[in-house]
Amino acid sequence: MYMMKGMTRGEFDVYELRDDEFGLYDLRITTVHLDTSLPLICNHPEGSFFELSGENLSLPDGGTIPIYPLAAVLPILPAKQRMNPSNDWIETDAHVRCPDPCCGGAFHIERTGVTVFRNSEVSGAIGGPNDNRRNAP
Ligand SMILES: [Zn+2]
């Protein structure tokens, strides 16, 4: 288990990263009815949402999300967690369409805060500074 420091975006703007710390945006992904010429036909009602903090995905109590729309939005989320150049399209684009061509739904990705992690607690990359094999007998 590793330690995390959760904070608002404003708090992170003035926070000084120490040692091997780095920040990732926390995300809220909310269903919106983007193309109103089509109905919402999947089991993702408008306003339903899930959240991502670090590697942890969570839904409100009793919440569900269908796997096909989830599969469409998942590849974008790690990029939206990173702090990118302001002109990068990942900074300006915030919607992913539902993959069902008959559904007017989309998923709005919002950055809600920042979580700070320590590289030494979340990475043991082979050959890296935290390679656990170095201490093996
Ligand atoms: Zn849909």
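Residues numbered from 1 in each chain as written. Predicted model: local features only at pLDDT ≥ 70, side-chain atom pairs only at ≥ 80, totals over all residues.

Caption draft 1: Representation of the nonpolar core. Core analysis: the largest hydrophobic core is formed by 15 residues, its most contacted members being Leu27, Ile29 and Phe107. Among the elements of the structure, strand E2 (21–33), strand E3 (49–53) and strand E6 (105–118) are those that each provide at least two residues to this core. Ignoring any residue separated from it by four or fewer positions in sequence, one finds Leu27 in contact with Glu51, Leu52, Leu77, Lys80, Gln81, Ile109, Glu110, Arg111 and Thr112. (Core = buried A, V, L, I, M, F, W, Y, C linked by C-beta atoms within 7 Å. Buried ≥ 20, exposed ≤ 12 C-beta atoms within 10 Å, placed from the backbone. Helix = DSSP H or I, 4+ residues; strand = E, 2+ residues; numbered from the N terminus. Contact = placed C-beta atoms within 7 Å.)

Caption draft 2: Region of the structure containing the pairing of E2. Sheet topology note: the E2/E6 ladder contains 13 bridges and is antiparallel. What sits directly across from Leu24, in E6, is Thr115. Direction of pairing for E2 relative to E3: antiparallel, over a ladder of 4 bridges. Counted as the bridge partner of Arg28 is Glu51 from E3. (Pairing = 2+ DSSP bridges.)

Caption draft 3: Region of interest: the environment of Val73. You can see Val73 is positioned in helix H2 (residues 67–73). For Val73, a count of 22 C-beta atoms within 10 Å translates into the label buried. Taking the C-alpha atoms as reference points, Val73 and Ala106, separated by 33 residues in sequence, lie 9.3 Å from one another. Setting aside residues up to four positions removed in sequence, Val73 forms contacts with Ile29, Val96 and Phe107.

Caption draft 4: Examining the pairing of E3 more closely. Taking every second residue as pointing to the same face, the buried face of E3 carries Phe50 and Leu52, while none of Phe49, Glu51 and Ser53 on the other face is buried. Here E3 hands over to strand E4 (residues 56–58) after 2 residues, with Gly54 in that stretch at a positive phi of 60°.

Caption draft 5: View of the confidence of the model for the protein. Confidence in the prediction for the protein averages 91 pLDDT; 93% of positions are at 70 or higher. Summarising per-element confidence for the protein, the mean pLDDT is lowest in helix H5 (residues 119–122) (87) and highest in helix H3 (residues 77–81) (97). (pLDDT = per-residue confidence, 0-100.)

Caption draft 6: How the structure looks around unusual backbone geometry. Not every positive phi belongs to a glycine, and Asp19 is a case in point at roughly 45°. Tracing the backbone through its elements, the reader meets Asp19 in the loop between helix H1 (9–14) and E2.

Caption draft 7: View of the environment of Arg28. In this fold, Arg28 is placed in strand E2. Among the residues examined, Arg28 registers 15 C-beta atoms within 10 Å and is labelled partly exposed. For the pair formed by Arg28 and Leu57, sequence separation is 29 residues and the distance between their alpha carbons is 9.8 Å. Sequence-distant contacts of Arg28, that is, excluding residues within four places in its chain, are made with Phe49, Glu51, Glu110 and Thr112.

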